[in-house]
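Here is what each chain is made of, one letter per residue.
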Amino acid sequence: MRKILGLVLAFFMVPLALFASSYTIELGIVTTPHSFHYKAAEKFKNIVEKDSGGDIKVNIHHSKSVGDETSILQQLQLNALQMGVITAGPIDKFVPSIKAIEFPFIFDSFAKADKILDGKIGQNILKSFKAANLVGYHFLENGFRNITNSKRPIHSASDVKGLKIRVMNSQLQIDIWKDIGANPTPMPWPIYTQLSQHVIDGQENPLAVIDQYKLYEVQKYLTLTRHVYSALVFVGSKGFYDSLPAKYQKLLFKATKEASIYERKLNRSKANFFLNDLKKQGMIIDEHPDLASFKAKVKPLKNQFKGVAKKYLDEILAQ
Ligand code: EAX
């Protein structure tokens, strides 16, 4: 009897074993399934699971369920997580050279950003992730950042004076808003509650994020500063990457590239939609702020740059 039972079990186990994945990728993001960060992660998951014939499984952990972006990066370094879609801001603590593409007002179009991020400078920045025990697979897009606040209209830099502005966990972002005249407070995403309780007066993010997180409910004023082109990065654990066979290492680069190009297109196709929706939701929007006043305030920040970050920033500014 026991022999028959063993044979029956073996018969069913074999097919199940065929479906067991050899590798599992735990992927972390801080935003919700409505976000473009999530759409990119989902696209990546579909490509990897299909092209590996199910041999690689991807689990997406969204809405900060596995920690904020700094914590996700730390977990990636330990191979406790294997992938993340992370905003460039908080990465500068791990990969200092990325500050070069986070400098204010260096990109005035998506085309200029793509040229740098997908060109020599961007590729060299991604390669330098390895020194932090990470893998920089591909840049994708958060978008041009704009300032919102609940206190008053902002037209010129002087209007920012004294406002408590939440910034990402990045010394550069703190310095930018200090130089503009704000009182910058670094805080991990999301921040709706802190805005609703007036712990902070304002924040800065792309229109998609402002709209998707309904910040129009707690922020009256929006100014289209487009002061920083905010990249996202498909970041991986180097320990996990090194454990993969070459064919799957190639697949991760292929899948992150395709997912990044898909997400940039999706994000850009919705730009007008979000601006129109924010108008409909009643935000008071300054579409033509005095950008020269903001640029004058942040220009001296260049002198803080050293080493490779300075080299890349000089090259970008020379283009
Ligand atoms: O969408 O923390 C931030 O402000 C980042 O822009 C993040 O991607 C939220």
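In what follows, the accompanying structure is described. Keep in mind it's a predicted model, so treat the numbers as computed, not measured.

Reading the values: rules and limits
- Residues numbered from 1 in each chain as written.
- Predicted model: local features only at pLDDT ≥ 70, side-chain atom pairs only at ≥ 80, totals over all residues.
- Heavy atoms only, no water.
- 1 Å grid on protein atoms, 1.4 Å probe; cavity = no way out; pocket = protein on both sides within 12 Å on 5 of 7 lines; lining within 4 Å.
- Points joined across faces, edges and corners; volume = space filled by probe spheres on them.
- Nonpolar A, V, L, I, M, F, W, Y, C, P; charged D, E, K, R; others polar.
- Helix = DSSP H or I, 4+ residues; strand = E, 2+ residues; numbered from the N terminus.
- Axes fitted to C-alpha atoms, helices over the stretch in contact; angles between N-to-C directions.
- Left-handed = near helix turned anticlockwise from the far one by under 90°.
- Contact = heavy atoms within 4.5 Å.
- Buried < 20%, exposed > 50% of the residue type's maximum accessible area, 1.4 Å probe, protein only.
- Pairing = 2+ DSSP bridges.

Once that is clear, we can look at empty space enclosed by the protein. The full count for this structure, using the stated rule, is two cavities of 30 Å³ or more. Taken as a whole, the largest cavity encloses approximately 190 Å³ of empty space. Every residue lining the largest cavity is counted, 18 residues in all, and those nearest its centre are Val30, Glu69, Thr87, Arg166 and Trp189. Its residues assigned to classes, the lining of the largest cavity shows seven nonpolar, seven polar and four charged. In this structure, the second largest cavity encloses a volume near 30 Å³. In this structure, the second largest cavity is lined by Phe36, His37, Glu141, Asn142, Ala208, Val209, Gln212, Leu232, Glu263 and Asn267. Considering each element in turn, the lining of the second largest cavity owes the most residues, three residues, to helix H9 (residues 207-212). Residue classes in the lining of the second largest cavity are distributed as four nonpolar, four polar and two charged.

This part takes up the layout of surface pockets. The calculated volume of the largest pocket comes to roughly 280 Å³. Lining of the largest pocket is provided by 17 residues; of these, Phe110, Asn146, Leu207, Arg226 and Ala271 occupy positions nearest its centre. Looking at the lining of the largest pocket, the elements with two or more residues in it are strand S4 (134-144), H9, helix H11 (246-269) and helix H12 (271-280). Tallied by class, residues from the lining of the largest pocket come to nine nonpolar, five polar and three charged.

Angle between the axes and distance between the axes: these two values describe a pair of packed helices. Where helix H2 (residues 36-51) contacts H11, the axes come no closer than 8 Å and their chain directions differ by 145°. The way H2 lies across H11 gives a crossing that is right-handed. Contacts between H2 and H11 involve Phe36, Lys39, Ala40, Lys43, Phe44, Ile47, Val48 and Asp51 from the former and Leu251, Leu252, Lys254, Ala255, Thr256, Glu258, Ala259, Tyr262, Glu263, Leu266 and Asn267 from the latter. Of the residues assigned to the contact of H2 with H11, the class counts are 11 nonpolar, two polar and six charged.

Right, let's get into the pairing of strand S5 (residues 146-149). On S5, burial covers both faces: Asn146 and Thr148 on one face and Ile147 and Asn149 on the other are all buried. As defined by bridge partners, S5 adjoins strand S8 (residues 202-205) across four bridges and the pair is classed as antiparallel. The residue of S8 that forms the bridge with Ile147 is Glu204. As paired strands, S5 and strand S9 (residues 221-223) are joined by three bridges and run antiparallel to one another. Each residue of the ladder has a partner; that of Thr148, found in S9, is Leu222.

Attention now moves to the side chain of His37. Here His37 is to be found in helix H2. Not counting chain neighbours up to four residues away, the residues in contact with His37 comprise Ile29, Thr31, Val85, Thr87, Asn142 and Leu232.

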